[in-house]
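Residue strings, one per chain:
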Amino acid sequence: MELDPLLLSRIQFAFVVSFHAIFPVFTIGLASYLALLHGLFYTTRNPAWDRLAALWTKVFAVVFGMGVVSGIVMSFQFGTNWSNYSQATANFIGPLLSYEVITAFFLEAAFLGVLLFGRGKVPQGVHLFAAIMVALGTFISTFWILAANSWMHTPAGFEVVDGVFHITSWAQAIFNPSFPYRLTHMAVASFITGGFVVAGVSAWYLLINRDLQANRKALSMCLWLLLVLTPTQALVGDFHGLNTLEHQPTKLAAMEGNWETMEGAPLLLFALPDRERQENRFELGIPYAASLILTHELEGEVPGIAEAPREEQPPVWIVFWAFRVMVGLGFLMIGVALTGLFLRRGGKVYQSRKFLQTLRLMSITPFIAVLSGWVVTESGRAPWLVYGIMSHAEGVTPSLTGGMALFTLLGYIAVYGVVFYAGTYYLTRVIRYGMQEQEEEKLVDDFETPKRPWSASHTPLDDNLTPEEG
Amino acid sequence: MEMFDLSVVWALIIGFGIMMYVLMDGFDLGLGILFPFAPDEDARDVMMNSVAPIWDGNETWLVLGGAGLLGAFPLVYSVFLPALYIGVFLMLAGLVFRGVAFELRFKSRRNRRNRRLWNRAFSWGSAIAAFAQGAVVGTYIQGFETQNGVYTGGAFDWLTPFTVLTGIGIMIGYALLGTTWLILKSEGYIQAWAYKLTMPLMVAVLVIFAIISIWTPMVNPEIWQRWFGNIRLIWILPALTLLCMFVLFWSVRKRREMLPFLATLGIFLFTYLGLVVSRWPIIVPPDYTIWDAASAPGSQLFLLVGVLFVLPFVLGYTFWSYWVFRGKVRVGEGYH
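Residues numbered from 1 in each chain as written. Chains lettered and ligands numbered in written order. Predicted model: local features only at pLDDT ≥ 70, side-chain atom pairs only at ≥ 80, totals over all residues. Heavy atoms only, no water.

Before going further, it helps to examine the overall build of chain B. Counting its secondary structure elements, chain B contains 13 helices and four strands. Each of the three principal axes of chain B carries a C-alpha extent, and together these read 55 × 40 × 40 Å. Taking the intrachain contacts of chain B between residues at least 6 apart in sequence as the baseline, contacts between residues at least 24 apart amount to 78%. Of the roughly 13,800 Å² of accessible surface on chain B, 71% is carried by carbon and sulfur atoms. Here chain B carries 23 positive and 19 negative side-chain charges, and the mean point of each set is 14 Å from the other. (Helix = DSSP H or I, 4+ residues; strand = E, 2+ residues; numbered from the N terminus. Contact = heavy atoms within 4.5 Å. Areas by Shrake-Rupley, 256 points an atom, 1.4 Å probe, with all protein chains shown as cover. Lys, Arg positive; Asp, Glu negative; His and termini not counted. Charge placed at Lys NZ, Arg CZ, Asp CG, Glu CD.)

Structure below.
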């Protein structure tokens, strides 16, 4: 079989981006949560907030470290596998990625150290300020990355001269048509991710009776947050969908599984899209519902995939099903948040083991939802790198061979496999030994380690917690 | 707008960034290369502790340089990275393993097998990253096969006897930075070990630099032209390099602690400057100058604002962390 460098590069980029995306989507929400905890401790002086802040700062340190490592690799991917794309779009993408890097470093240089190591060493107000600045920094980073990504979907503010993009208006290019929707959708997703992870871990601590006072507070906060945010996200997603309808109708048609442009289109719950036959082999849907949602009219017109020539159609099957996974999980999250509200009466929310177990399991769902959302929007852009202007095939590195792309793909999978295994293993240990004050004091004394991000958590890596002569 | 040349400004910024990177990450990569040969596990603790608080600040310069290149000289990005495809991958993989080893070696205090594993990740990661960086330098001297600004060569064009030599040269050079850094930061038998290693490493560096200096003008006629053409001033730089080597030799014999490291930094600095003036203003050899490789002036300016704002903070932070962690590292003692 001939190895296709284009396909392998796409798989490689999808792998690296997906792997990387897991970490920031969590740290962005978590950073704000940390700032909130520090703020609550500062104003109320209740040590429970401080205990929570201590645990989640450690978690933040580990996840942030993994995000940075995977992000560095990602930034080089543009040059190694998509050199024509880099060359053509560098006038815009280059400064934006650089600004992201600059923000991240500025934040790390100035405030991350204070947040991670300042506990008890700097005045509380300064610690709080550092926490707020770190949270702010994660948002500024998100701003630049999503501006760059949105521009690839809805390019604006440029002219093409000799195959190179030149920016005519930075404001138009950065605040391109889909950017506000994408940024909001992503920011809310980050908060929901943080919310479900904190809720899940707090639920687990409640199940094993550890620091009930602090973890009940944490769980309660998260459930209120999720009660507000999960329906909000549905609304934001709907607006984003309308924006996609306007600017990327083919992608939207693929999300709906709608092949021919029609009025009064049904909302398909289940379908088997078939690109060969340019139709669905089986459909199950709610009549008129898609038209109603998208145009707010029963007989509104919904575009069809077949409007685009076959070679410009995205992989319908992937887009269609990834979209359903995302939306399905979204509704599940709303359901869990509502159940939490219902259980609050009589404080059952802290007692119901079934609900606490559910929350534990739910902590993985936002990650799956975010990744499938990412698949919807990125696969839906295919075959375009810059929508309607530059295709994947035009952007790929010309000198790249299938063998090289395969070699590095396997290499990155191996490298990230090790990092992910070590990181997750370590993270579960931080959580497993977290929230027990005396234990931690002991561990701190045991480990005289240099000042490194992960040193913010003093949990040892070895399974064996009893000393062994080495 | 024509007050100053943005491309020259950017070339200076990126040149400065790369130099900072080589000087600073050089000695901590060097420690990784020396790691397997250390006298004992305590010495390894001291070696790692001496750089643990600062190494990722050092790598900041690599990322800053990489991102800056994409923003200011995209042609470099789109020719170098495809041409060095496999090398770039190896370097990144090496740096990732090394970074994880820094974090997790200290967490594996009690389990010997785990510790050995992270030791190996640290030394192999450092050695591979250093070799890849040396090969990049060699490839830069060698030049790239391009057509209309697109790399047209093969996956392994960069791998020649010449680049293997520069790769090994950088590894030995970094190891020398490592031993002199260790002289500064350690004491007792560990320092004695570092002193003992410095001389043979210096001789090896001298030999390899000499071979590279003879070989370079032979691989590259333009450099030949420049070296033996009109600009005799260039010869000041190798002279200064040799002077630094002499200072290193003298200060090691006199058992000075600070001077050997400074002298080694000098060797790297003047070699680097020598390379730059041999090539200036070519940035993608053999054909493209910094002006050919530049992005649009508007884009360069847009980015310049941010970089000039942040650079003082990064420099200040760098200085501050070196200041905080100054002094000797002792066995069984970490920083807090």
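Okay, the nonpolar core next. Core analysis: the biggest nonpolar cluster contains 237 residues, and A:W56, A:F60 and B:F73 have the highest contact counts within it. The contact partners of B:F73, leaving out residues within four places of it in the chain, are B:S7, B:W10, B:A11, B:I14, B:G68, B:I283, B:I290, B:A293, B:A294 and B:Q300. Of all hydrophobic cores here, the second largest spans 10 residues; its members include A:I305, A:V319, A:A322 and A:F323. (Core = buried A, V, L, I, M, F, W, Y, C linked by side-chain atoms within 4.5 Å. Buried < 20%, exposed > 50% of the residue type's maximum accessible area, 1.4 Å probe, protein only.)

With that settled, the discussion passes to the environment of A:E307. Residue and element names in this part refer to chain A. As for its position among the elements, E307 is in the loop between strand 6 (301-302) and helix 10 (316-343). Taking the relative accessible area as the measure of exposure, E307 reaches 60% and is therefore exposed. Along the backbone, E307 and A253 are 54 residues apart, and their C-alpha atoms lie at a distance of 9.4 Å. Polar side-chain contacts of E307 include one of 2.7 Å to the side chain of T261. (Polar contact = N/O pair within 3.5 Å; in protein donor to acceptor, adjacent residues only side chain to side chain.)

What follows is about the pairing of strand 4 (residues 267-274) of chain A. All names here are of chain A. Relative to strand 5 (residues 279-286), strand 4 runs antiparallel, the two being bridged by six bridges. Of the residues in strand 5, the one forming a bridge with D274 is E279. Between strand 4 and strand 5, which pair antiparallel and follow one another directly, the connecting turn spans four residues, one of which, Q278, has a positive phi of 55°. (Pairing = 2+ DSSP bridges.)

On to unusual backbone geometry, then. The omega torsion across A:A382 and A:P383 is 0°, close enough to zero to call that bond cis. Tracing the sequence through the fold places A:P383 in the loop between helix 12 (365-379) and strand 7 (384-386). The peptide bond linking B:P285 to B:P286 adopts the cis configuration, its omega dihedral lying at 5°. One can find B:P286 in the loop between strand 3 (282-284) and strand 4 (288-289). Of note, A:M435 is a non-glycine position whose phi angle comes to about 60°, a positive value.

With that out of the way, let us pick up the pattern of salt bridges. Following the criterion strictly, the structure yields 13 salt bridges over all chains and no others. Measuring nitrogen to oxygen at the nearest pair gives 3.0 Å for the salt bridge that ties A:E378 to A:R381. By the burial criterion, A:E378 is buried, and A:R381 matches it. In this structure, B:E41 and B:R105 form a salt bridge, with 2.9 Å as the shortest nitrogen-oxygen distance. Taken together, the positions of B:E41 in helix 2 (residues 41-51) and B:R105 in helix 5 (residues 85-105) put the pair 64 residues apart, joining distant regions of the chain. For B:E41, a relative accessible area of 28% puts it in the partly exposed group. A cluster of three or more residues bridged by salt bridges with shared partners is formed by B:E41, B:R44, B:D45, B:R105 and B:R115. (Salt bridge = Lys/Arg side-chain N within 4 Å of Asp/Glu carboxyl O.)

A surface patch of negative charge is lined by A:E260, A:E263, A:E299, A:E301 and A:E307. Counting through the fold element by element, A:E260 comes out in the loop between helix 8 (249-256) and strand 3 (262-263). (Patch = residues over 30% accessible without salt bridge, like charges linked within 9 Å, V, L, I, M, F, W, Y side chains within 5 Å.)

Here we come to the environment of B:V88. By the secondary structure assignment, B:V88 is in helix 5. For the pair formed by B:V88 and B:V136, sequence separation is 48 residues and the distance between their alpha carbons is 8.9 Å. In contact with B:V88, other than residues within four places in its own chain, are A:F76, A:T80 and B:L81.

A few words now on the confidence of the model for chain A. In this model, chain A carries a mean pLDDT of 87, and residues with pLDDT of at least 70 account for 92%. Within the model, pLDDT remains below 50 along residues 441-450 of chain A, and this stretch shows 25 contacts once partners closer than five positions in the same chain are excluded. (pLDDT = per-residue confidence, 0-100.)

Looking now at the packing of helix 3 (residues 55-72) of chain B against helix 4 (residues 74-83) of chain B. Residue and element names in this part refer to chain B. The geometry of helix 3 relative to helix 4 is characterised by a closest axis approach of 5 Å and an angle of 115° between their N-to-C directions. Counting all contacts with helix 3, which are made through G66, L69, L70, G71 and A72, the residues of helix 4 involved are P74, V76 and Y77. Tallied by class, the residues present in the contact of helix 3 with helix 4 amount to six nonpolar, two polar and no charged. (Axes fitted to C-alpha atoms, helices over the stretch in contact; angles between N-to-C directions. Nonpolar A, V, L, I, M, F, W, Y, C, P; charged D, E, K, R; others polar.)

With that settled, consider the packing of helix 8 (residues 188-219) of chain B against helix 9 (residues 221-228) of chain B. All names here are of chain B. Here helix 8 crosses helix 9 at 115°, and the two axes come no closer than 5 Å. Here helix 8 contributes S213, T216, P217 and V219 to the contact with helix 9, which in turn contributes P221, I223, W224, W227 and F228. Residue classes in the contact of helix 8 with helix 9 are distributed as seven nonpolar, two polar and no charged.

Moving on, we come to a positive patch on the surface. Together, B:R112, B:R113, B:R116 and B:R120 make up a positively charged patch on the protein surface. Mapped onto the elements, B:R120 comes out in helix 6 (residues 112-142).

Let's shift gears to helix 4 of chain B. Of all the 10 residues making up helix 4 of chain B, 10 are buried; the element is thus mostly covered by neighbouring parts of the structure. Among all positions of helix 4 of chain B, only B:P74, B:L75, B:V76, B:Y77, B:S78, B:V79, B:F80, B:L81, B:P82 and B:A83 are buried.

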